[in-house]
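This is what each chain is made of:
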Amino acid sequence: MTTKNEKIKNSLKETMEITGSEAMIRSLVAEGVDTIFGYPGGAIIPIYDALYDFDHDLKHVLVRHEQGAVHAAQGYARVSGKVGVCFATSGPGATNLITGIADAMIDSTPIVCVTGQVTSGLLGTDAFQESDVIGISMPVTKWNFQITSADEIPEAISKAFYIAASGRPGPVLLDITKDAQYGKLNFSYERCTKIRSYVPEFPTDKKQLKRAADLINSAKKPYLIYGQGILLSGAEKELQNFIEKTGIPAASTLLGISALQSDHPLNMGMLGMHGNYAPNIKTNECDVLIAVGMRFDDRVTGNINTYARQAKVIHIEIDPAEIDKNIKTEVAIVGDAKHTLRLLSALMEEKKHPEWVNEFLQARKKEEEKVIIKDLHPTKPGLTMGEVVRLSTNLTGNKAVIVTDVGQNQMAAARYARFNQSRTWVTSGGLGTMGFGLPAAVGAKFGAREKEVILFAGDGGIQMTVQELGTIAQEKLPVKIVILNNDFLGMVRQWQELFYEKRYSFTEITSPDFVKLAAAYGIPGKVVSERKDLEPAMKAMLAEKGPFLLEVKIEQEDNIFPMVPAGATVSNCLLGSDEL
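Rules used throughout
- Residues numbered from 1 in each chain as written.
- Predicted model: local features only at pLDDT ≥ 70, side-chain atom pairs only at ≥ 80, totals over all residues.
- Heavy atoms only, no water.
- Helix = DSSP H or I, 4+ residues; strand = E, 2+ residues; numbered from the N terminus.
- Buried < 20%, exposed > 50% of the residue type's maximum accessible area, 1.4 Å probe, protein only.
- Contact = heavy atoms within 4.5 Å.
- Arc of directions from axis to C-beta.
- Pairing = 2+ DSSP bridges.
- Axes fitted to C-alpha atoms, helices over the stretch in contact; angles between N-to-C directions.
- Phe/Tyr/Trp six-rings, centres within 6.5 Å; stacked < 30°, edge-to-face > 60°.
- Patch = residues over 30% accessible without salt bridge, like charges linked within 9 Å, V, L, I, M, F, W, Y side chains within 5 Å.
- Areas by Shrake-Rupley, 256 points an atom, 1.4 Å probe, with all protein chains shown as cover.
- Salt bridge = Lys/Arg side-chain N within 4 Å of Asp/Glu carboxyl O.
- Polar contact = N/O pair within 3.5 Å; in protein donor to acceptor, adjacent residues only side chain to side chain.
- Core = buried A, V, L, I, M, F, W, Y, C linked by side-chain atoms within 4.5 Å.

Peer 1: I would appreciate a short explanation of the environment of Glu535 in the present structure.
Peer 2: The topology assignment puts Glu535 in helix H23 (residues 531–543). The partly exposed category is assigned to Glu535, whose relative accessible area is 35%. As for Glu535 and Val388, which are separated by 147 residues in sequence, their C-alpha atoms are 8.8 Å apart. Apart from residues no more than four positions distant in its own chain, Glu535 is found in contact with Leu391 and Leu395.

Set out below in structure tokens:
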């Protein structure tokens, strides 16, 4: 039986007179959209009215706050590889999207946000619920556009999806006036494949490839660091083939996690402020540093004046604006990671670097002895974040989608979760948005319905968007929520302990009874404070067919190490507070 959506797709080339609102929905269907996260309001009612007539192939998820809609769209995009979509009304509805749009911009997440707007005749008059969302969002969008006529809708949608997904992905916002939604047009749809003056991807420079290959083939201590660009370009297999052919040890940025299996013998872990010891200190010991699909963020580099000064840096990056922005390169290759790694691999000599790899393993052993054993097998009675995270991934066979909020919970999950499938890690990187986790987990579940989705959140971040428990309850969404509760804003408290003489200024936080709060939404839950109860509770959570909230009381002063202090060199990677 042919669905309404299939009929729409089959008739896209036919011209028909319809309203702008129906044109909006038909255009989204033409782009393959299956899920929309949103919140209705006066200025976008016509679009919601058009949505009412569509069958269940186009799912709308009613969130409890517009910020929840945009974070959910991000979570959906990150696990599905598709463009996430969200709706909001004008004024406060539109401005409530801005944090999530900024988050998507810095983390290169492809989303399309559609906001309603007052009628075009009222623009600029300070009408009820009017805001200049185009001006407000301009710095944090890849492209934005205000639609004031119905006949602009198909082309605007087509451009929006092309721009959001092509090249270095990012957020796009379309602001549509109410009269454009009511207006009529002769509708037909054609997907955008090219825009004059917009060059999303550059041809690979063969001379630069050869220069890079010569450097790598002659290197004694080559080292590869990779970011989310591997995932965005679908280059997971190319990355694995490259390091296996060359024998080069590799490490990921925070957003690159899951691009390479955790247990791969050449995967040395995560870089960065709370990354693994070996990947950090070996940055300043390698002779050739190959960076793929990452932007040398300050959380990775520490003090840029002391970062990899001894190494010849090869930077493979799709966005030319990132080349030489923070770290000066010896060889710059502008291009898509998948295509570039495939070409570069063909120029590589088959090699092994056993002594160099062993240096990483010895540094890893040092971290295991001083940090990891303490986190995973503590002798103190209090529970640690690390043991909670590792148990969850062990029980799911390292196949779950792990979503985090921001803070200590995020770093513990990044360090101790294990992954054997790509696109199973969702977190806020560059913007570090507290409150990201719960709505992002909603979107991740819709983007990967067949996978278990586990959220790790702190007692601070969860309360910023806790109302999205209502979305989970209404949708009966089987998201597993683990709150790591230490009665503190943990990451800030850690800094106050280490660098501000334990002056805990306004970081103690009182929280509700999370289990009772979940119960108010009809979501079962449990609280755990003792080690003997942790595994049974975790198994009960995973066995639950619907959503479940598990609150784990952890050590109040459980810190995340290793740590590169802000502004320090990556060589100064601390394994404990005694090294300060």
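Now, onward.
Peer 1: What is the right way to look at helix H12 (residues 236–246) in this model?
Peer 2: Residue pairs spaced three or four apart in an α-helix point in one direction, given the helix's 3.6 residues per turn. The complete set of buried residues in H12 reads Glu236, Glu238, Leu239, Phe242, Ile243 and Thr246. In an axial view of H12, the angular spread of the buried residues amounts to 165°, which keeps them on one side of the axis. Those residues of H12 that are buried lie in contact with helix H10 (206–218), strand S9 (222–226), helix H11 (229–233), strand S10 (250–252) and helix H15 (337–346). Backbone geometry just after H12 places Gly247 at a positive phi near 70°.

Peer 1: What exactly am I supposed to notice about the sheet that holds strand S7 (residues 171–177) here?
Peer 2: Backbone hydrogen bonds are what pair the strands of a sheet, in a parallel or an antiparallel way. The six strands lie next to each other as S3-S2-S4-S5-S7-S6, forming an open sheet whose pairing is parallel. Edge positions in the sheet fall to strand S3 (59–62) and strand S6 (143–147), since each has one partner strand and no second. With direction set aside, neighbouring strand axes in the sheet form an average angle of 20°. Bridge count for S6 against S7 is five bridges, and the pairing is parallel. Each residue of the ladder has a partner; that of Asn144, found in S7, is Leu173.

Peer 1: I tried to follow the packing of aromatic side chains on my own but got confused; where do I start?
Peer 2: Two measures describe an aromatic ring pair: the distance that separates the ring centres and the angle between the ring planes. Scanning the entire structure with this criterion turns up 12 aromatic pairs. Judged by centre distance (5.9 Å) and plane angle (70°), the rings of Phe37 and Phe446 are edge-to-face. In this pair, Phe37 is assigned in strand S2 (residues 35–38) and Phe446 in helix H19 (residues 437–447), connecting sequence segments 409 residues apart. One exposure class covers both Phe37 and Phe446, and it is buried. A centroid spacing of 5.8 Å and a plane angle of 80° characterise the contact between Tyr48 and Phe87, whose relative ring orientation is edge-to-face. In this pair, Tyr48 sits in helix H3 (residues 45–51) while Phe87 sits in strand S4 (residues 84–88), placing the two residues 39 residues apart along the sequence. Through pairs of rings, three or more aromatic residues link up here, namely Phe37, Tyr76 and Phe446.

Peer 1: Is there a simple way to think about a nonpolar patch on the surface in this case?
Peer 2: There is a patch of nonpolar side chains on the surface, built from Phe499, Tyr500 and Leu580 and spanning about 310 Å² of accessible area. Structurally, Tyr500 can be placed in the loop between helix H21 (490–499) and helix H22 (514–520).

Peer 1: Mind showing me how you'd approach the pairing of S7 here?
Peer 2: On a regular strand, each side chain points to the face opposite its neighbour's, so the side chains alternate between the two faces of the sheet. Counting buried residues in S7 gives seven out of seven residues, a clear majority hidden from the surface. The side-chain alternation of S7 yields two buried faces, one formed by Pro171, Leu173, Asp175 and Thr177 and the other by Val172, Leu174 and Ile176. Bridge count between strand S5 (residues 111–117) and S7: seven bridges; the pairing is parallel. The partner of Gln117 across the bridge, within S7, is Thr177.

Peer 1: Teacher, can you tell me more about the pattern of salt bridges here?
Peer 2: Overall, the coordinates contain 29 salt bridges when judged by the stated rule. Put simply, Arg295 and Asp297 hold a salt bridge, and the shortest N to O gap is 3.5 Å. Asp297 matches Arg295 in its accessibility class, with the two residues each being buried. For the salt bridge of Lys553 with Glu551, the shortest nitrogen-to-oxygen distance reads 3.3 Å. Under the relative-accessibility criterion, Lys553 is labelled partly exposed at 32%. One network of salt bridges, with partners in common, ties together Arg168, Asp319, Glu322 and Lys325.

Peer 1: Quick question: what am I supposed to make of the side chain of His315 here?
Peer 2: Looking at the element boundaries, His315 is found in strand S13 (residues 312–317). You can call His315 buried: its relative accessible area is 0%. A distance of 2.8 Å separates a polar side-chain atom of His315 from the backbone oxygen of Met294.

Peer 1: What exactly am I supposed to notice about unusual backbone geometry here?
Peer 2: Comment: phi is negative for the bulk of residues other than glycine, and the bulk of peptide bonds are trans. In this model, Phe561 is joined to Pro562 through a cis peptide bond whose omega is 0°. Mapping Pro562 onto the fold places it in the segment after strand S20 (548–553). Positioned with a positive phi, Ser108 is a non-glycine residue whose angle comes to about 55°. The topology assignment puts Ser108 in the loop between helix H6 (98–106) and S5. The backbone phi angle of Asp126 is positive, close to 60°, even though this residue is not glycine. The topology assignment puts Asp126 in the loop between S5 and helix H7 (133–137).

Peer 1: Explain the nonpolar core to me, please; I cannot follow it from the model alone.
Peer 2: Counting 100 residues, the largest nonpolar core has Leu224 and Leu289 as its most contacted members. When residues of this core are assigned to their parent elements, the largest contribution, seven residues, is made by helix H16 (residues 354–376). Once you skip the residues sitting within four places of it in the chain, Leu289 turns out to touch Tyr223, Ile225, Thr283, Phe296, Tyr307, Ala308, Ala311, Lys312, Val313 and Ile314. Residues Phe436, Ile462, Val466 and Leu477 belong to the second largest nonpolar core, which totals 50 residues.

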